[in-house]
Amino acid sequence: MVRTLLSEAEGYELLNTAGVPIPRFQVARTAEEAEKAAETAGYPVVMKVISPDIVHKSDAGGVITGIATPGEVREAFGTIRENAGNYKPSAVISGIMVEQQLPPGLELIIGGKTDPTFGKVITIGLGGKLVELLHDVAIGVLPIEESDIRSMVRGLKGYRLIAGFRDEPARDEEALVGIISAVNRMFHADPRITEFDINPVVLYEKGACAVDARFYIDDSPAITKTRQMPEMQSRIMDIHSIAVVGASTDPNKVGYAVCRNLLTFPGSLFPVNPKSDTILGRKSYPDLTSIPEPVDLAVIVIPAAGVPRVIEEAGKKQIPLVIVISSGFREIGKEGIALEEECMSIARKFGIRIMGPNCLGLMLPHLAINTTFDPVSPKPGNIAFISQSGAIITTIVDWSLPEEIGFSAVISIGNQADLTFEDFITWAGDDPHTKSIILYVEQIRYGPRFMEAVRKVSPTKPVVAIKSGASQIGQKAASSHTGSLAGSFDVYMAAFHQAGVIPASSIREAFQAAELLASEGYPKGIRAVVITNAGGFGVLASDYAERYGIELVEFSPDLIHELDAVLPADWSRANPIDMVGDASADRFARTFNIMIQYQDLWDIAFVIAVPSAISDPIRVSNELVRFSKNTHKMIVGCMIGGDSMKTPLRILRDGQIPNFPDLEDAFRAVGTICKHKCSTGLAECRHD
């Protein structure tokens, strides 16, 4: 595999073949040739050194602009060769490029790179120094359509400069989209091109031109990884019998904890340990093949070296699914990789599916299945949590119990030797208990397949993801602007956006969004009403609505007239509806009744209730549940307080209404959801 940097002239030829406008240019090897080239290009011209040994030409003094006469051409030719020789004496000078100097315009950058997970990606942003200063870039994972390109362009913060800003004229957006489309087609179609920069593309009021191009070619480019195993069948998770290999009578062993957690499993449980006849009151077997009944799932908790033998036994026993909790595989290096590949070779021979290795296991609360060594089990619910970290799972499950958050599934995927994120996303998409999906992602192994799986699931079951690794610390220096601007984390975010994943910056934010979507679904639009008995929180709500892109609708005279009949004279007469501090549960109820009648005017209702001597929080929460049942809109509870709110919050949970004790969290979660749906075209961004 040989990676080669093409000369700028060769890059221009590629662009010209793709139909991208480029300056008139020629390569000169003598001062006389340079003079003739300048006459052909037309003055003024730019002259640049061509050398495979000099990547950054300006740093080497290898670029001279504004050359206007034949004499200046001769002088520049000598100066560039001298500067290049001083900069790097060993550099091979292939020639001097003489090209038309274009008038100034708005500079942008178009770049591409090959990401190891998702394959080829394309990047656009403001050119020159601004791209590094502002990091205003948009990334698309190939293949992309012209509509995607247009969205990327319009999503740039600097788009106002393209559309026309203050005294600046509007630029030719269609010409820019055309160039990006042409480059996209060329990059996608040519496997040899692995990375490129076009910096800048100069955009004018009419037309555009690529001024500088850097292309990297590979004679044997890397191919995006594909998986060798077939799709996971949903029925494999229909589990009626479980064997635990490595079951133990020692409370300090993982095998003991796994068996203990499965004692409540209503199906058949088979401990496997050749040294014990019974474990935790259950008959134990020396190996898998000695179990007299069919086994749907084998859980392996023995040292890594013995795992291949057990998978062989599972194959002979025709066990369809094996969970390898044992560590000591890919995560430890070369020897572990070889052991993991040996396990997978055996699994493929028998058609066994593998979870892990190096995973925590599986929890299916509706089936009373907990194959992990976590000391607690979660409540049944409608969120599927799929995580690459076992420690994250144990923390979340422990946190979920006092928060009364339930799960349809908790899945630890570990090393993803076989079954991966996309397998379980697809399964959760078909699972009747699951209404939303949360992912904790460290690494996705098969990017295109992941995007395909999420695209199928996310329109009906929202997928929220936390991606670790946002920090750039420790990343290797990239060889191009695109490499540095489109870092691994940025590409993940772009892929998430294209596939329909809602990114979350924290686990708390992820669960807030997932809970809200599981209970309320996506709102039709961003029009909101706020109903509160606390004026101060109403003011904060207005601030948060603006901050997170939520539109507080204006009330019509008819609606205000209706509210006047049930609210005190000094109510706010606007949105947010401040019902005043002495608002009773009856006042909440009458306000809800009117908003039900006028529900075509809004998409989201935030109900903020604080303790008072007048209102009964329990009655308010019951009225809030009634309000939700009589609308098809998103209802967001913001019952804020201490011990007096414990019972009301339980009422809301039973009514499947999420509550946010922190008001900003509520608006942030709803804003994140609305922004995502607006950007993917599945919700209205405004109501005119």
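Residues numbered from 1 in each chain as written. Predicted model: local features only at pLDDT ≥ 70, side-chain atom pairs only at ≥ 80, totals over all residues. Heavy atoms only, no water.

1. Description of the packing of helix 5 (residues 146-155) against helix 7 (residues 173-189)
- Relative to each other, helix 5 and helix 7 sit at 125 degrees, their axes nearing to 10 Å. Between helix 5 and helix 7, the crossing angle belongs to the class labelled oblique. The two elements helix 5 and helix 7 cross, and the hand of that crossing is right-handed. Here Glu-146, Ile-149, Arg-150, Val-153 and Arg-154 of helix 5 come into contact with helix 7, specifically with Glu-173, Glu-174, Leu-176, Val-177, Ile-180, Ser-181 and Asn-184. (Axes fitted to C-alpha atoms, helices over the stretch in contact; angles between N-to-C directions. Helix = DSSP H or I, 4+ residues; strand = E, 2+ residues; numbered from the N terminus. Parallel < 35°, antiparallel > 145°, perpendicular 65-115°, else oblique. Left-handed = near helix turned anticlockwise from the far one by under 90°. Contact = heavy atoms within 4.5 Å.)

2. Focus on the layout of surface pockets
- In this structure, the largest pocket occupies an estimated 1,800 Å³ of space.
- Considering the residues around the largest pocket, the lining is formed by 50 residues, among which Met-493, Ala-494, His-497, Lys-675 and Ser-679 are closest to the centre.
- Breaking the lining of the largest pocket down by element, the ones donating at least two residues are strand 8 (137-141), helix 5, strand 24 (463-467), helix 15 (488-499), strand 25 (501-504) and helix 22 (663-679).
- Looking at which element gives the most residues to the lining of the largest pocket, the answer is helix 22, with nine residues.
- Grouping the constituent residues of the lining of the largest pocket by class yields 24 nonpolar, 15 polar and 11 charged. (1 Å grid on protein atoms, 1.4 Å probe; cavity = no way out; pocket = protein on both sides within 12 Å on 5 of 7 lines; lining within 4 Å. Points joined across faces, edges and corners; volume = space filled by probe spheres on them. Nonpolar A, V, L, I, M, F, W, Y, C, P; charged D, E, K, R; others polar.)

3. Here's the deal with helix 3 (residues 70-87)
- Helix length check: helix 3, at 18 residues, gives a terminal C-alpha distance of 26 Å against a target of 26 Å (1.5 Å per residue), a fit within 8%.
- Next to the buried residues of helix 3 lie strand 2 (25-28), helix 2 (31-41), strand 3 (45-50), strand 4 (63-67) and strand 5 (95-100). (Expected span 1.5 Å × (residues − 1).)

4. Focus on the confidence of the model for the protein
- On average, residues of the protein carry a pLDDT of 91, and 94% of them reach 70 or more.
- In the predicted structure, residues 473-485 sits below a pLDDT of 50 and forms 26 contacts with residues beyond four places in sequence or in another chain. (pLDDT = per-residue confidence, 0-100.)

5. Describing unusual backbone geometry
- For the peptide bond that leads from Tyr-43 to Pro-44, omega is -5 degrees, which places it in the cis range.
- You can see Pro-44 is positioned in the loop between helix 2 and strand 3.
- For the bond running from Asn-199 to Pro-200, omega is 10 degrees, close enough to zero to count as cis.
- Looking at the element boundaries, Pro-200 is found in strand 9 (residues 193-203).
- Located in the positive-phi region is Asn-358, a residue other than glycine, with phi close to 60 degrees.
- On the basis of relative accessible area, Asn-358 is assigned to the partly exposed category, the value being 29%.
- Residues other than glycine seldom take positive phi values, yet Val-580 does so here, at roughly 80 degrees.
- Relative to the elements of secondary structure, Val-580 occurs in the loop between strand 28 (577-578) and helix 19 (585-597). (Buried < 20%, exposed > 50% of the residue type's maximum accessible area, 1.4 Å probe, protein only.)

6. Focus: the sheet that holds strand 3
- Read from one edge of the open sheet, four strands run 2-5-3-4, paired in antiparallel fashion. In this open sheet, the two edge strands, each paired with only one partner strand, are strand 2 and strand 4. If you compare each strand with its neighbour and ignore which way they point, the axes differ by 20 degrees on average.
- Sheet topology places strand 2 next to strand 5; four bridges connect them, and they run antiparallel. When the sheet's bridge partners are listed, Gln-26 is paired in strand 5 with Val-98. (Pairing = 2+ DSSP bridges.)

7. Observations regarding the pattern of salt bridges
- Counted according to the given criterion, the structure contains 31 salt bridges.
- In this structure, the salt-bridge partner of Arg-449 is Asp-423, at a minimum N-O distance of 2.9 Å. Separated by 26 residues along the polypeptide, Arg-449 in helix 13 (residues 447-457) and Asp-423 in helix 12 (residues 421-430) bring together distant segments of the chain.
- The class of Asp-423 is buried, set by a relative accessible area of 2%.
- Among the charged side chains, a network of salt bridges with common partners joins Arg-508, Arg-547, Glu-664, Asp-665 and Arg-668. (Salt bridge = Lys/Arg side-chain N within 4 Å of Asp/Glu carboxyl O.)

8. A look at the side chain of Glu-422
- Tracing the backbone shows Glu-422 in helix 12.
- For Glu-422, a relative accessible area of 1% gives the class buried.
- Within the structure, Glu-422 has its side chain in polar contact with the side chain of Arg-449 (distance 3.0 Å).
- Sequence-distant contacts of Glu-422, that is, excluding residues within four places in its chain, are made with Tyr-446, Arg-449, Phe-450 and Ala-453. (Polar contact = N/O pair within 3.5 Å; in protein donor to acceptor, adjacent residues only side chain to side chain.)

9. Looking at the pairing of strand 29 (residues 604-609)
- Strand 29 sits mainly inside the fold: six of its six residues count as buried.
- In strand 29, alternate side chains face the same way, and those of Ile-604, Phe-606 and Ile-608 on one face and Ala-605, Val-607 and Ala-609 on the other are all buried.
- Across five bridges, strand 26 (residues 527-532) lies against strand 29 in parallel orientation. Looking at the pairing, Val-530 lines up with Phe-606 of strand 29.
- Examined bridge by bridge, strand 29 and strand 30 (residues 634-639) share six bridges and lie parallel to one another. Within strand 30, the residue paired with Phe-606 across the bridge is Val-636.

10. A short note on the packing of helix 2 against helix 3
- The interhelical angle for the contact between helix 2 and helix 3, taken along N-to-C directions, is 135 degrees, at an axis separation of 9 Å. Looking at the two axes, helix 2 sits oblique to helix 3. Handedness of the helix 2/helix 3 crossing: right-handed. Residues Ala-31, Glu-32, Ala-34, Glu-35 and Ala-38 of helix 2 form the contact with helix 3, whose own contacting residues are Pro-70, Val-73, Arg-74 and Phe-77.
- Within the contact of helix 2 with helix 3, the residues separate by chemical class into six nonpolar, no polar and three charged.

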